[in-house]
Structures are given as C-alpha cells and as structure tokens.
Amino acid sequence: MSDLSVGTRRQALGALAALALPSIGLAPVAVRAQGLDLAARLQSWPLNVKQTTRIHDVAPAPDGGVWYAAQQSGHLGWFDPKTGKSDLIALGGGSAPHGVIQGPDGAAWLTDGGQQAIVRVAWPSREIRKFPLPEGTPYANLNTAAFDGAGDLWFTGQSGYVGRVALKTDGGKVTVKASPKGRGPYGICATPRGDVWWCSLAGSYIAQIDRKSGESRVVQPPTPEQGARRVWSDSQGRIWVAEWMSGNLSMHDPRKGDGPASWRTWRAPGEHPKVYAVYVDERDIVWATEWNGNALLRFDPATERFDRLVMPRAGTLIRQILGRPGEVWLPESGTEHISVLKTA
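Now for a look at the structure at hand. (Residues numbered from 1 in each chain as written. Predicted model: local features only at pLDDT ≥ 70, side-chain atom pairs only at ≥ 80, totals over all residues. Heavy atoms only, no water.)

Right, let's get into the packing of aromatic side chains. Tallied over the entire structure, the rule returns 17 aromatic pairs. Seen from their ring centres, Trp244 and Trp291 are 5.5 Å apart, and the 85° between their planes marks the pair as edge-to-face. With Trp244 in the loop between strand S21 (239–243) and strand S22 (248–252) and Trp291 in the loop between strand S25 (286–290) and strand S26 (295–300), the pair connects residues that are 47 residues apart, well separated along the chain. Here the aromatic residues Tyr186, Trp244, Tyr276 and Trp291 are joined through ring pairs into a cluster of three or more. Sitting over the face of the ring of Trp244, Arg229 holds its NZ or CZ atom 4.8 Å from the ring centroid. (Phe/Tyr/Trp six-rings, centres within 6.5 Å; stacked < 30°, edge-to-face > 60°. Helix = DSSP H or I, 4+ residues; strand = E, 2+ residues; numbered from the N terminus. Lys NZ or Arg CZ within 6 Å of the ring centre and 35° of its normal.)

What follows is the structure, given as structure tokens:
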C-alpha cells in the first residue's frame, strides 16, 4: 500500500482509539485510503553551503526567496527557489538563531538565543540591528516570535520567559516577563484579530497574552502532560496545537470559552506519533510534522481526515512549517535540505 493508505491494522488501532473517546475527548481519526498525491507536489533542494547550518525555522521572504535560521553556523540564510542557491548573512559572534519570521516592514526578524537578542535584518539591504534583552536577564533560550495587530513583536524563551519588542508602542523598548509555571515557552502565533497566543512545552498549556500588561492567561488543554510544542491560528482565530508528548493534534476555539467544550483533539496517524510543528495555510488546511514516522501530515478540518506523506529522506527532523499562498515550506534540520510542497 502507499504511504497514504490505511491497512487493516491501522483501522483496528483507530477503532481502539475511538473506544477511548469518552475519557480523553479524542475525535475519531481517518487516514484516506486514496488521498492526495502529496509526494508528487514535493520539491527539495540541498542547501549546498560550505558549513553545516542546522537549519531550524524558515520564512518566505518578500522577494520570492525563503529565509532560514541557521542555528549552528549563526547566520540568516536566504534560499532562491529559482536557482537552488543559498546565501548566508552572518549575524554576529556567538549567534545561534532559532526562529525567523517576516515582519510587517518586510524585514527578517530572528530570535537569537546565542546573542540573547532579537535580530532584525533589513531586506534587501541586509542591514542588521539587534534588540538585546534587558541587562541582567538570565539566559532565556529564545525560541520563536510573532507580531501583534499593533506591530509590536512578542517572543518566547524556553527557560521561562515571554517578552515584547515595543516597536510601535514604546520606541523599540524590550521587556521580559517570567512565564506562568516556569520553563517551557516555545511556539507562538498571532490571530487575524492581532491577538497573540503561545504554548509551553514543559508546562503543557497554551496561553493568551494581554497586550497591555504583557501578562499571560493560561488555558489548559484537555489532555494532561501533552507537551504543547507549536501553535498556529486559522482564519477564524482558532488555535491549533502540536502536542509533542501525546501525539495529538488539537484545536482550541476561544469563542467557546476555556473549558472542555472549546477543544477538539485528534490522534495523529502512525506508530507512537510525536507531533512537532503545526501551520495553517490560507485555505485553513492544517499541516503538521510527525517525527517518529518522519512524516508530513495534512489535516482537513472540514472532513477531519489526515493525509500522510513519509519524507523521501530519513531523519528529516522538520521542526517548523511556514508558507505563503500555494506553498508550504519545510526546513530539514537533519538532512541540510529545504523542501516545498505546492498546494495549488
């Protein structure tokens, strides 16, 4: 059978999962026997640079290229899909960028744990400006960032911090607050309304930031110790959660409050799944990566069905997903490749 098929054994496992629905709130899972040919839509390139980058996160750039955080080498990478070539822009001594996003100003913004700073790289001039964390801040282990509706940047630090660069509201001042329940802040996202949500991997919760005070309001997923690793918003402001420890994909709808009725949860396909990254595209299709199966997952909320693509290279270690209309971009940390799946 193909990677998208459902065998008798998997059907049996799905049936067993369905029996457990009343206790853990899982929705029935289906994997299409004859789904989309995702493999035919995938294109990959080796980075072909002179040093190991340990590519971590990616972000489409405004010129048609794709930026990536080169965590090991300390660079912002820029990949050109037309030529397959990469450029590396050095970020400074000790740099170890984790996340990268495109800002409303068209620049690349990076969370640089090595420099304990948010780094802006203007584009196309490549001029670098750094926003260090306040003096005396303990090592934050900076992870990811998102812009709110006012144009301020919010970021997470896995050591137990959530912070802001007040670009629009306070002249670029950087502030940091300790996160609820200590270490763990990892993924972060903004909703269409401009609200900001983040998740705690170690704390196993998601949280909404009060943009005035900077404090975070915790919302507890229904699955205990699920290891919420990444979050992303769809067009309705629903928050999709990649649950690393539980192997679930879950969704919280803030319009329904914070209780159990505001959540839906689906078990990812595969043996002992470990769901790492999540991204929602312009058509509200949900994409996730599942590490134990070295797979990319496509989930359609309308049908509640998964499509599953096993990546063509072993050990891809895809830690994040980001895209633009018609394209889903994948950084392969384990293989020094970058891939795109064309959705249109």
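Another aspect to go through is the sheet that holds strand S19 (residues 216–219). Strand order in the open sheet made by the 4 strands is S16-S17-S18-S19, with antiparallel pairing throughout. In the strand order of this sheet, the two ends are held by strand S16 (185–190) and S19, each with one partner. Strand-to-strand twist in this sheet, taken as the mean axis angle between neighbours without regard to direction, amounts to 25°. In the sheet, strand S17 (residues 196–200) pairs with strand S18 (residues 205–209) via 4 bridges, with the strands oriented antiparallel. Counted as the bridge partner of Ser200 is Tyr205 from S18. (Pairing = 2+ DSSP bridges. Axes fitted to C-alpha atoms, helices over the stretch in contact; angles between N-to-C directions.)

Turning our attention to unusual backbone geometry. Following Trp123, the chain continues to Pro124 via a peptide bond in cis, the omega torsion being 10°. Tracing the backbone through its elements, the reader meets Pro124 in the loop between strand S10 (117–121) and strand S11 (128–132). Its identity as a non-glycine residue notwithstanding, Arg126 has a phi of 65°, on the positive side. If you check the backbone angles, Asp284 has positive phi at about 65° while not being a glycine. Inspection of the secondary structure puts Asp284 in the loop between strand S24 (275–280) and S25. Note on Asp284: relative accessible area 15%, which makes it buried. (Buried < 20%, exposed > 50% of the residue type's maximum accessible area, 1.4 Å probe, protein only.)

With that settled, consider the pattern of salt bridges. Between side chains of opposite charge, a pair can form as their charged atoms come close. Evaluated as defined, the whole model comprises 13 salt bridges. A salt bridge links Arg255 to Asp253, with the nearest nitrogen and oxygen atoms 2.9 Å apart. The exposed category is assigned to Arg255, whose relative accessible area is 57%. Judged by its relative accessible area of 5%, Asp253 falls in the buried class. With its nearest N and O atoms 2.6 Å apart, the salt bridge here joins Glu332 to Arg313. Taken together, the positions of Glu332 in strand S29 (residues 327–332) and Arg313 in the loop between strand S27 (305–310) and strand S28 (322–324) put the pair 19 residues apart, joining distant regions of the chain. One continuous salt-bridge network, built from bridges that share partners, spans Asp148, Asp195 and Arg211. (Salt bridge = Lys/Arg side-chain N within 4 Å of Asp/Glu carboxyl O.)

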